[in-house]
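Examining the three-dimensional arrangement
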Amino acid sequence: MFLRLAQQHRQFVQDLVMNLQALAIVLERRGYPASCYTCGDQMNSASFMVSLGENHLIRFLVSDYGITWTEMRDDRELMKLEGAEAVNQLQELANIVKQSMQSNTSAKTLAKR
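Source: prediction; values computed, not measured. (Residues numbered from 1 in each chain as written. Predicted model: local features only at pLDDT ≥ 70, side-chain atom pairs only at ≥ 80, totals over all residues. Heavy atoms only, no water.)

Describing the side chain of His56
Note the cut-off: Numbering of helices and strands starts at the N terminus; helices are DSSP runs of H or I of at least 4 residues and strands are runs of E of at least 2. Relative accessible area decides the class of each residue, using a 1.4 Å probe on protein chains only: under 20% of the type maximum gives buried, over 50% gives exposed, and in between gives partly exposed. Polar contact is defined as a pair of N or O atoms within 3.5 Å, subject to the rule that within protein one atom must be able to donate a hydrogen and the other to accept it, and that residues adjacent in sequence are counted only when both atoms are side-chain atoms. The contact definition used throughout considers only heavy atoms, calling two residues in contact when any of these lie within 4.5 Å.
With respect to the element layout, His56 can be found in strand β3 (residues 56-63). Residue His56 is classed as buried on the basis of its relative accessible area of 11%. Of note is the side chain of His56, whose polar atom sits 3.1 Å from the side chain of Arg73. Ignoring any residue separated from it by four or fewer positions in sequence, one finds His56 in contact with Val50, Ser51, Glu71, Met72 and Arg73.

Regarding the nonpolar core
Threshold: As used in this record, nonpolar core signifies buried Ala, Val, Leu, Ile, Met, Phe, Trp, Tyr and Cys residues forming a set joined through side-chain atoms within 4.5 Å.
Counting residues in hydrophobic clusters, the biggest one holds 23 residues, and the most contacted among them are Leu20, Phe48, Phe60 and Val62. Within the residue set of this core, elements represented by two or more residues are α1 (2-29), β1 (34-38), β2 (46-53), β3, β4 (66-73) and α2 (83-112). Residue contributions to this core peak at seven residues, all from α1. Aside from chain neighbours lying at most four places away, what touches Phe60 is Leu16, Leu20, Ala46, Ser47, Phe48, Ile67, Thr68, Trp69, Ala86, Val87 and Leu90.

Details of the pairing of β2
Here is the rule we go by: Paired strands, as defined in this entry, are two strands with at least two bridges between them according to DSSP.
Across five bridges, β1 lies against β2 in antiparallel orientation. Directly across from Ser35, in β2, lies its bridge partner Met49. Of the strand pairs in this sheet, β2 and β3 are connected by seven bridges, and their pairing is antiparallel. When the sheet's bridge partners are listed, Val50 is paired in β3 with Ile58. Between β2 and β3, which pair antiparallel in sequence order, lie two residues; one of them, Asn55, sits at a positive phi of approximately 60 degrees.

Notes on unusual backbone geometry
A negative phi angle is the norm for most residues apart from glycine, just as the trans form is the norm for most peptide bonds. Phi at Asn55 takes a positive value of approximately 60 degrees, unusual for a residue other than glycine. Structurally, Asn55 can be placed in the loop between β2 and β3. In the Ramachandran plot, Asp74 falls in the positive-phi region, its phi being about 55 degrees despite a non-glycine side chain. Within the secondary structure, Asp74 sits in the loop between β4 and β5 (76-82).

As for the sheet that holds β5
We apply this condition: Axis lines are fitted to C-alpha atoms, over the contacting stretch for helices. Their N-to-C directions set the angle, which ranges from 0 to 180 degrees.
Read across the open sheet, the five strands follow the order β1-β2-β3-β4-β5; overall the sheet is antiparallel. Where the open sheet ends on each side, the last strands, each with one partner, are β1 and β5. Taken over all neighbouring pairs, the strand axes of this sheet differ in orientation by 15 degrees on average, direction set aside. Of the strands in this sheet, β1, β2, β3 and β4 are in contact with α1, which crosses β1 at around 150 degrees.

Observations concerning a nonpolar patch on the surface
Cut-off, in case you're wondering: Here the term patch refers to residues with relative accessible area over 30% and no salt bridge, with like charges joined within 9 Å and nonpolar side chains (Val, Leu, Ile, Met, Phe, Trp, Tyr) within 5 Å. Every accessible area reported is derived by Shrake-Rupley at a probe size of 1.4 Å, with residue values counting cover from the shown protein chains alone. Definition used for salt bridges: Asp or Glu carboxyl oxygen within 4 Å of a side-chain nitrogen of Lys or Arg.
Together, Met1, Phe2 and Leu5 line one region of the surface with nonpolar side chains, adding up to about 370 Å² of accessible area. By the element assignment, Leu5 lies in helix α1.

Remarks on the side chain of Ser45
Note that Ser45 resides in the loop between β1 and β2. The exposure class of Ser45 is buried, given its relative accessible area of 14%. Residues contacting Ser45, with those up to four places away along its chain left out, are Val13, Val17, Tyr37, Thr38, Cys39, Val62 and Ser63.

Here's what the structure looks like:
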């Protein structure tokens, strides 16, 4: 049972790392300075960062040891979340990006009419 749980956790971390890489690419294309660095080829950890504006930074770290979301403004920590709460906050960021993209697509469609 424990070996199966360990493998599922590794797969979860790998999936999360791949999604972080994709989110960084989308954010970069939307004009936000973003990066996602991984260690090694096994994709068992990553450091994701995005600047949402002047002195507003989000850092998301994932590894076998844990998951953290840290939000900073003016070099001061505003919020630090771990585990499931950190992943939920990451989902909120992804939802905002998705809504923004849908709004722009709708506006372009209306402009073509």
